[in-house]
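Coordinates in review
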Amino acid sequence: MIAFVDESQRDLSDGALYVVGAAIVTTGEEHRARQTLRKLLLPGQSHLHWSKERPARRRQIAETIAELGLVVNATFQYPVGRKRVERARQRCLLELVADLSADGVSELVIEA
């Protein structure tokens, strides 16, 4: 299985919420998943970006992911101080990799 990993940070009043998530795809199914998700791109869009999508588009994206049967795993750190973001990233990645390994994931693709 392959896990496609991405991260997100949201600044809140009492610190940041830092999340690292992974969508897990069965090896051999990644091409089909990519093609299906690419069909959701709007003209001029190079990739989907959750925080920039409107509620109706978010629902459409979530429904498509559900139809693909993707399993999603996420870890988070909260609250995170501004100077502790790198430490939060490390902790999230360590926890996520342990969980993914236990689930049989053999390959990670981390968005640059």
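In case you missed it, the structure is sitting above this.
As a starting point, this report considers the structure included with it. Note that this is a predicted model, so its numbers are computed, not measured.

1. As for a nonpolar patch on the surface
The grouping of Leu12, Phe76 and Tyr78 at the surface amounts to a nonpolar patch, some 310 Å² of accessible area in total. You can see Tyr78 is positioned in strand E3 (residues 71–80). The class of Tyr78 is partly exposed, set by a relative accessible area of 38%.

2. Quick notes on the side chain of Glu53
Among the secondary structure elements, Glu53 is positioned in the loop between helix H1 (30–38) and helix H2 (55–68). Since its relative accessible area comes to 9%, Glu53 is described here as buried. What Glu53 contacts, discounting residues up to four positions off in sequence, is Gln45, Leu48, Arg58 and Ile61.

3. Here's the deal with helix H3 (residues 85–102)
The end-to-end C-alpha separation of H3 is 26 Å, in line with the 26 Å expected for 18 residues at 1.5 Å each. Of all the positions in H3, only Val85, Ala88, Cys92, Leu96 and Leu100 are classed as buried. One side of H3 holds all its buried residues, which, seen down the axis, span an arc of 85 degrees. With respect to the buried face of H3, the exposed residues turned more than 90 degrees away are Leu94 and Ala102. The inward-facing, buried residues of H3 abut strand E1 (2–12), strand E2 (15–25), E3 and strand E4 (107–110). Gly104 sits one or two positions beyond H3 and adopts a positive phi of about 90 degrees.

4. Quick word on H2
Taking 1.5 Å of rise per residue, 14 residues should cover 20 Å, and H2 covers 20 Å from first to last C-alpha, within 8% of that figure. When H2 is considered as a whole, its buried residues turn out to be Arg57, Ile61, Thr64 and Leu68. All buried residues of H2 fall inside an arc of 60 degrees around its axis, so they share one side. Exposed and facing more than 90 degrees away from the buried side of H2 are Pro55, Ala56, Arg59, Ala66 and Glu67. Tucked inside the fold, the buried residues of H2 contact H1. Positioned one or two residues after H2, Gly69 has a phi angle of 75 degrees, which is positive.

5. With respect to unusual backbone geometry
Geometrically, the link from Tyr78 to Pro79 is a cis peptide bond, its omega value of -10 degrees lying close to zero. Note on placement: Pro79 falls in strand E3.

6. Here's the deal with the side chain of Arg57
Looking at where Arg57 falls in the secondary structure, it is placed in helix H2. Separated by 3.3 Å, the side chains of Arg57 and Gln45 make a polar contact. Contacts of Arg57, omitting those with residues within four sequence positions, involve Leu40, Leu42, Gln45 and Leu48.

Calculation criteria
- Residues numbered from 1 in each chain as written.
- Predicted model: local features only at pLDDT ≥ 70, side-chain atom pairs only at ≥ 80, totals over all residues.
- Heavy atoms only, no water.
- Patch = residues over 30% accessible without salt bridge, like charges linked within 9 Å, V, L, I, M, F, W, Y side chains within 5 Å.
- Areas by Shrake-Rupley, 256 points an atom, 1.4 Å probe, with all protein chains shown as cover.
- Salt bridge = Lys/Arg side-chain N within 4 Å of Asp/Glu carboxyl O.
- Helix = DSSP H or I, 4+ residues; strand = E, 2+ residues; numbered from the N terminus.
- Buried < 20%, exposed > 50% of the residue type's maximum accessible area, 1.4 Å probe, protein only.
- Contact = heavy atoms within 4.5 Å.
- Expected span 1.5 Å × (residues − 1).
- Arc of directions from axis to C-beta.
- Polar contact = N/O pair within 3.5 Å; in protein donor to acceptor, adjacent residues only side chain to side chain.

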